[in-house]
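# Architecture at a glance
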Amino acid sequence: MGRYSRIAVAASLFLLPVSVFAAGYGAAGCGLGSELMGSKPGASQVFASTTNSTFGNQTFGITSGTSNCGDHGLVNMSKEREVFAQENYTSLVKEMAQGKGENLYTLASLYQCPAASHQEFGTMVQEKFDNLVASDQANSTELLSQLENQITRHPTLAKSCDIKLSALN
């Protein structure tokens, strides 16, 4: 290894955050490479990085929280529901009052409710509308909290929907 190569490697090691090593994988990051090579420093990290790049699995692992990338994936159904509800709040409230609508059924899907139960989901939110949207000051976070409470109490939806499931699990 040439002098400049060693300097570049040493400099890059100083730039790596210490938390990378605390996460259970080495400098190559998470992915299939980290599962095969572990967190041992040195040449094994080159092979881990090459494996991640060759198979393109690191991006998927980060997104889904798999492949040694932790259970905190970027795409988390809970967060996805929050963003969806916030961006579509006005439409959701209107559709909840009606008990049907595209945004409402999309929200049901985000709760992993099967398509066959979307109508029942709509009926439930229409019946519980006053509890879900308690005031004019209600926001999307409060709405989702109340909705999750109602889903877990509903005899059918509590079994068919999964409010805790992370995406791509």
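Residues numbered from 1 in each chain as written. Predicted model: local features only at pLDDT ≥ 70, side-chain atom pairs only at ≥ 80, totals over all residues. Heavy atoms only, no water.

### Description of the overall build of the protein
- Each helix and strand counted, the protein has 12 helices and zero strands in total.
- Within the span of the protein, comprising 169 residues, buried residues form 36% of the whole.
- Across the protein, the fraction of contacts at a sequence separation of at least 24, relative to all contacts at a separation of at least 6, is 49%. (Helix = DSSP H or I, 4+ residues; strand = E, 2+ residues; numbered from the N terminus. Buried < 20%, exposed > 50% of the residue type's maximum accessible area, 1.4 Å probe, protein only. Contact = heavy atoms within 4.5 Å.)

### Topic: the packing of helix α8 (residues 102-110) against helix α9 (residues 118-127)
- The geometry of α8 relative to α9 is characterised by a closest axis approach of 10 Å and an angle of 110° between their N-to-C directions. For the element pair α8 / α9, the angle class is roughly perpendicular. Residues L104, Y105, A108 and S109 of α8 pack against H118, Q119, F121, G122 and V125 of α9.
- For the contact of α8 with α9, the per-class residue count stands at five nonpolar, four polar and no charged. (Axes fitted to C-alpha atoms, helices over the stretch in contact; angles between N-to-C directions. Parallel < 35°, antiparallel > 145°, perpendicular 65-115°, else oblique. Nonpolar A, V, L, I, M, F, W, Y, C, P; charged D, E, K, R; others polar.)

### A few points about the pattern of salt bridges
- Applying the stated criterion across every chain yields a total of one salt bridge.
- Notably, a salt bridge pairs E82 with K79, separated by 3.7 Å at the nearest N-O pair. Of this pair, E82 and K79 both sit in helix α6 (residues 77-87), three residues apart, which is roughly one turn of that helix.
- Taking the relative accessible area as the measure of exposure, K79 reaches 47% and is therefore partly exposed. (Salt bridge = Lys/Arg side-chain N within 4 Å of Asp/Glu carboxyl O.)

### Overview of the environment of T90
- By secondary structure assignment, the location of T90 is in helix α7 (residues 89-98).
- Along the primary structure T90 and S140 are separated by 50 residues, whereas in three dimensions their C-alpha atoms are 9.3 Å apart.

### With respect to the packing of α9 against helix α11 (residues 140-153)
- Running from N to C, α9 and α11 point in directions that differ by 115°, and their axes come no closer than 11 Å. Remark: the crossing between α9 and α11 carries right-handed chirality. Seen from α9, the contacting residues are F121, M124 and V125; seen from α11, they are L147, Q150 and I151.
- Of the residues assigned to the contact of α9 with α11, the class counts are five nonpolar, one polar and no charged. (Left-handed = near helix turned anticlockwise from the far one by under 90°.)

### Some words on unusual backbone geometry
- The residue Q112 is not glycine, and still its phi comes out positive at about 60°.
- Structurally, Q112 can be placed in the loop between α8 and α9.
- What makes Q112 partly exposed here is its relative accessible area of 29%.

### Concerning the confidence of the model for the protein
- On average, residues of the protein score 75 in pLDDT, and 57% of them are at 70 or above.
- Per-residue pLDDT, averaged within each element of the protein, yields its smallest value for helix α2 (residues 19-22) (41) and its largest for α9 (96).
- The model gives residues 13-23 a pLDDT under 50, and that stretch makes seven contacts with residues more than four places away or in other chains. (pLDDT = per-residue confidence, 0-100.)

### What about the state of the cysteines?
- Applying the stated criterion to the full structure yields one disulfide.
- Between the sulfur of C113 and that of C161 lies a disulfide, 1.9 Å long from S to S. Because the torsion about its S-S bond is 115°, the bridge between C113 and C161 counts as right-handed. Of the two residues, C113 sits in the loop between α8 and α9 while C161 sits in the segment after α12 (157-160), which places them 48 residues apart along the sequence. The same class applies to C113 as to C161, namely buried. (Disulfide = S-S within 2.5 Å.)

### As for the environment of F121
- With respect to the secondary-structure elements, F121 resides in helix α9.
- When near neighbours in sequence (up to four residues on either side) are disregarded, F121 contacts L104, A108, Y111, C113, L147, I151 and L157.

### Examining α9
- Every buried residue belonging to α9 is among H118, F121, G122, M124 and V125, and all of these are buried. The buried residues of α9 occupy an angular sector of 165° when projected down its axis, which confines them to one face. Residues Q119 and E127 are exposed on α9 and point more than 90 degrees away from its buried face. (Arc of directions from axis to C-beta.)

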